[in-house]
Amino acid sequence: MTEFSGKSVYKGITIGKVLVLKNKDFQIKRTKVGDAEAEIGRVNDAKDQAKAQLQALYDKAVKEVGEASAAIFEVHQMMLDDDDYLDSIYNMIHTEMVNAEYAVAVTGDNFAEMFANMDDDYMKARSADVKDISERLVRNLSGEGDADLSSMEPSIIVADDLSPSETVQMDKEKILGFVTVHGSTNSHTAILARMMNIPALIGVPMDLEQIHTGMEAVVDGFESKVIFEPDEEVRTAVEGRIKEEQEKAHMLQTLKGKENVTLDGKKVNIYANIGSVGDVGYVLENDAGGIGLFRSEFLYLGRSDFPTEEEQFQAYRQVLQTMAGKKVIIRTLDIGADKQVDYFNLGKEDNPAMGYRAIRICLKQPDIFKTQIRALLRAAVFGNLSIMYPMIIAVEEVKKIYEIVEEVRQELEAKGIPYKMPEQGIMIETPAAVMVSEELAQLVDFFSIGTNDLTQYTLAIDRQNAKLDDFYNPHHTAILRMIKMVTDSAHKYGKWAGICGELGADLELTEEFMKMGLDELSVAPSMVLKLRKAVREMRVTPEA
Ligand code: PEP
Ligand code: MG
């Protein structure tokens, strides 16, 4: 039995089998070999294995998501037979007498860079594909096999770190918990863990060489610890606690269908945050009044090319139809910073959180933005849609957005394509937006305060940097004053204001938020009923 402490991201407890995900970079070492032909044989075996894996993935995807979306696995099979790619690998092994893993990884990087620098958009997009197939070959060569996370057994994921695009590809039903060596409590992977309602620990100082797939482990988010190979005594105690938690969750179920109203009659909308169409199930299961933040950028992650207008339209329509007239606020693309997508070719930046991201990309590359807006306006016909724009710093940006949206509307009108104009709001997540919130309130329909970024930009603390977790204080008076100021600005012009950052779910602040007059709190689905319970037990006006 070995025990480690870390930082808890979601308070829950679980027991189950471990699946170790190894960091690809840390495995690829350059070693000299004596027999080049033997290495080439290994490459060919790994290639055959990869083609069989891709065929299985293709068959599965055709059944689950249709032929068009499955086609990528066929493309990958063809790329594995590309002569230029293979010759480059064979040649490197022969001339440098190096191991197959190294030759594949370097060739993969070279080809990916070559594609990325091409002018043709289609060829640019192949850059991510060549990386994908090279990583698959390396995994096969190192005996790790297919890390196809969608077909795994229910497991506790143990990794060095996880990116949002890795997390988003996982079959959430099969993840019992996360334990990572790195990561920060405010990262998007942490947010995903909270949304999925699973115990998660980050910053765990474990040696991944000592931990193996198939080991048993307990993840205890309450005590912030993970125990590998627990003994009988620990297992029994943990099983008892899992049962207690289930009973508490059962009690919360009795609040379904009840209003979010304080003892003295003050009401608030409690909505849920989601990242994919599949998350709508959690929203309904937890009886949220609507969706206050659909992070649409997750539709763009974990793929090798832009989602088409049609793919986006189908996703948005499905969410709107499933929510059956309840409010659905879809945030436009917020890519960049920690949410990196190869095919956007954003390039390396020294300071990505303050860099080319979110609405800045949309305003500079309006074609990408217009595709999304077209899909949104068309989908709006099918339910109660609001659109929300991220990372706004100025009134001029909103005016520019409105011009682009109007262009799209006119195009749809001219072509006779059915559409509806949704409510339009903005995220308040920069200090600049707070300071000009009165001006902004006159332009938009609502404000949704993104406290995750607002805290990072106000306190000058990178939300991704685990070293700063102790300094990252979203309860800072500066943040609370800003929230009050934004709420007052909205109300002054008859608009509503909510919070969709993680702070909205902070039960220590719920009473204060109710007193400030916030109209909406949008939280992880797993927090909806806990928040409802807190609201129903409090009084916000002094008794007469
Ligand atoms: C925020 O910044 O608070 C927010 C809700 O957006 P994200 O966490 O996706 O950046
Ligand atoms: Mg944000």
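Residues numbered from 1 in each chain as written. Chains lettered and ligands numbered in written order. Predicted model: local features only at pLDDT ≥ 70, side-chain atom pairs only at ≥ 80, totals over all residues. Heavy atoms only, no water.

### Comments concerning the nonpolar core
- Formed by 106 residues in total, the largest nonpolar core has its most connected members in F178, F344, Y389, F447, I483 and F513.
- Beyond its immediate stretch of four places on either side in the chain, I483 contacts I449, T451, I499, L503, F513, M516 and L518. (Core = buried A, V, L, I, M, F, W, Y, C linked by side-chain atoms within 4.5 Å. Buried < 20%, exposed > 50% of the residue type's maximum accessible area, 1.4 Å probe, protein only. Contact = heavy atoms within 4.5 Å.)

### Quick notes on the layout of surface pockets
- By volume, the second largest pocket amounts to about 1,800 Å³.
- Looking at the second largest pocket, it is lined by 50 residues, and the ones nearest its centre are Y10, K11, S526, M527 and K530.
- Ranked by the residues each element gives to the lining of the second largest pocket, the list is headed by helix α9 (residues 232–253), at 8 residues.
- The class makeup of the residues in the lining of the second largest pocket is 19 nonpolar, 18 polar and 13 charged. (1 Å grid on protein atoms, 1.4 Å probe; cavity = no way out; pocket = protein on both sides within 12 Å on 5 of 7 lines; lining within 4 Å. Points joined across faces, edges and corners; volume = space filled by probe spheres on them. Helix = DSSP H or I, 4+ residues; strand = E, 2+ residues; numbered from the N terminus. Nonpolar A, V, L, I, M, F, W, Y, C, P; charged D, E, K, R; others polar.)

### Describing the coordination of the magnesium ion (ligand 2)
- The protein atoms that coordinate the magnesium ion (ligand 2) are E429 (OE) and D453 (OD), at distances spanning 2.0 to 2.2 Å. Of the two residues, E429 is situated in the loop between β13 (423–428) and α15 (431–435) and D453 in helix α17 (residues 451–459); the sequence distance between them amounts to 24 residues. Across the pair, exposure class does not vary: E429 and D453 are buried alike. (Donors = N, O, S within 2.8 Å, 3.2 Å for Na, K, Ca; no water.)

### Digging into the packing of aromatic side chains
- Scanning the entire structure with this criterion turns up 10 aromatic pairs.
- Between F446 and W496 the ring centres are 4.6 Å apart and the planes differ by 5°, which places this aromatic pair in the stacked class. On the criterion of sequence distance, the pair formed by F446 in strand β14 (residues 446–449) and W496 in strand β15 (residues 496–499) is long-range, its members being 50 residues apart.
- On the accessibility criterion, W496 (16% relative accessible area) is buried.
- By way of ring pairs, the aromatic residues Y300, F306, Y343 and F344 are connected into one cluster.
- Over the ring of F313 we find R378; its NZ or CZ atom is 4.0 Å from the centre of that ring. (Phe/Tyr/Trp six-rings, centres within 6.5 Å; stacked < 30°, edge-to-face > 60°. Lys NZ or Arg CZ within 6 Å of the ring centre and 35° of its normal.)

### What to know about the pairing of strand β10 (residues 290–295)
- Along β10, 6 of the 6 residues are buried, which leaves the element largely enclosed by surrounding structure.
- The sheet contact formed by strand β9 (residues 269–274) and β10 spans 3 bridges and is parallel. For I274, the partnering residue across the bridge sits in β10 and is F294.
- Taking the sense of rotation as the criterion, the β-α-β connection linking β9, helix α10 (residues 280–285) and β10 turns out right-handed.
- Looking at chain direction, β10 and strand β11 (residues 327–331) are connected through 4 bridges and run parallel. Paired with I291 across the two strands is V328, which belongs to β11.
- This β-α-β element, β10 to helix α11 (residues 309–323) to β11, shows right-handed connectivity. (Pairing = 2+ DSSP bridges. Right-handed = clockwise from strand over helix to strand, strands pointing away.)

### Overview of the packing of helix α13 (residues 366–379) against helix α14 (residues 395–415)
- Contact geometry of α13 with α14 gives a least axis separation of 10 Å together with a crossing angle of 60°. Relative to α14, the element α13 lies oblique. In terms of crossing hand, the pair formed by α13 and α14 is right-handed. Packed against α13, whose contacting residues are P366, F369, K370, I373, R374, L377 and R378, the element α14 presents I401, I404, V405, E407, V408, R409, E411 and L412 at the interface.
- Grouping the amino acids of the contact of α13 with α14 by side-chain chemistry returns 9 nonpolar, no polar and 6 charged. (Axes fitted to C-alpha atoms, helices over the stretch in contact; angles between N-to-C directions. Parallel < 35°, antiparallel > 145°, perpendicular 65-115°, else oblique. Left-handed = near helix turned anticlockwise from the far one by under 90°.)

### Looking at the pairing of strand β8 (residues 225–228)
- Here strand β1 (residues 2–5) runs beside β8; their pairing, made up of 4 bridges, is antiparallel. Residue pairing in the sheet places F4 in a bridge with V226 of β8.
- Here 4 bridges tie strand β7 (residues 216–220) to β8, and the two strands are oriented antiparallel to one another. When the sheet's bridge partners are listed, V218 is paired in β8 with I227.

### Comments concerning the sheet that holds strand β6 (residues 200–202)
- One open sheet accounts for 8 strands, arranged β1-β8-β7-β3-β4-β5-β6-β2; its pairing is mixed. What marks the edges here is a single partner per strand, and that holds for β1 and β2 (7–10). Taken pair by pair, the neighbouring strands of this sheet meet at an average axis angle of 30°, ignoring direction.
- Direction of pairing for β2 relative to β6: antiparallel, over a ladder of 3 bridges. Bridged to Y10 within β6 is A200.
- Running at roughly 115° to strand β3 (residues 13–21), α9 makes contact with β3, β7 and β8 of the sheet.

What is shown is where atoms sit, not what they do.
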